[in-house]
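The lines below spell out each chain.
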Amino acid sequence: MPAQLPEVTAKAVTVRRARTADVPAVRRLLDVYSREGILLDKATVTLYEDIQEFWVAERGAGSDAMVVGCGALHVMWEDLAEVRTLAVNPVVRGAGVGHQLLQKLLQTARWIGVRRVFCLTFEVEFFANHGFVEIGEAPVDTIDTDVYSELLRSYDEGVAEFLGLERVKPNTLGNSRMLLHL
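Please read all numbers here as calculations on a predicted model, not as lab measurements. Within every chain, residues take consecutive numbers counted from 1 along the sequence as written. Local features are withheld for residues below a pLDDT of 70 in this predicted model, meaning they are given only at 70 or higher, and side-chain atom pairs are given and counted only at 80 or more; totals for whole chains, interfaces and linings count all residues. Side-chain metrics in this entry use all non-hydrogen atoms of the structure; hydrogen atoms and water are not considered.

*Asks:* When you look at the pairing of strand S7 (residues 176–181) in this model, what are you seeing that I'm missing?
*Replies:* Along any regular strand, the residues point their side chains to alternate faces of the sheet. Burial analysis of S7 places five of its six residues in the buried class, the great majority of the element. The pairing criterion is simple: DSSP has to find at least two bridges between the two strands. Helix and strand assignments come from DSSP, with helices taken as H or I runs of at least 4 residues and strands as E runs of at least 2, each series counted from the N terminus. Relative to S7, strand S5 (residues 116–121) is paired through six bridges, and the arrangement is antiparallel. Its bridge partner lying in S7, Leu120 is registered against Arg177. Where strand S6 (residues 133–134) meets S7, two bridges bridge the pair, whose relative direction is antiparallel. Bridged to Glu134 within S7 is Met178. Between buried and exposed lies partly exposed: a residue is buried under 20% and exposed over 50% of the maximum accessible area for its type, with that area taken using a 1.4 Å probe on protein chains only.

Structure representation (structure tokens):
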């Protein structure tokens, strides 16, 4: 990752659907935050498998374009989705790139019919500024019993994290569970 980027403002950034060619840039962003224990690492194959969930923030155009942020929206149930892998190049943090990405993810959630959006984060203030509230350790009271039973059948580790299942607790980063009602 370059040590210096020209000054970036949210207006200078375009948020668009991610493409497979963006995976190496997403991988680099993820590596920065997973090394610090802020985001869970994902296998590169998983990034390719999930690319349709991702949006990227791009500065510049054409061959000079550079991905400076990414984020994914993972649908968990009919009205429940999770914001995942929201990451911004540290050099441009504070320029509004994360806000733009999150707004696009929430817009997408509304468009597909999701009414609740969940996240696991250390950036409590950032998400609170967008209307998310902490939901504590056990989110079971935020979903009905039948939905909970169905979610238990999922192999997705993010769903297990959301439910606070014992099998993932050793992997929990110590972050906060937050929820937004759209």
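Still more to cover.
*Asks:* For this particular structure, what's the right way to read the sheet that holds strand S1 (residues 13–17)?
*Replies:* What holds strands together in a sheet is hydrogen bonding between their backbones, with the strands either parallel or antiparallel. Ordered by their spatial adjacency, seven strands build an open sheet running S1-S2-S3-S4-S5-S7-S6, and the pairing between neighbours is mixed. The two strands at the open ends of the sheet, each matched to only one other strand, are S1 and S6. Relative to S5, strand S4 (residues 80–88) runs parallel, the two being bridged by three bridges. Bridge pairing in S5 links Ala81 to Val117. On top of the sheet, helix H1 (residues 23–35) reaches strand S2 (54–59), strand S3 (66–77) and S4; it is set at about 85 degrees to S3, its chief contact. Note on contacts: a residue pair qualifies if any of its non-hydrogen atoms lie within 4.5 Å across the two residues. Only the stretch in contact is used when fitting a helix axis, every axis being a line fitted to C-alpha atoms; angles between N-to-C directions are given from 0 to 180 degrees.

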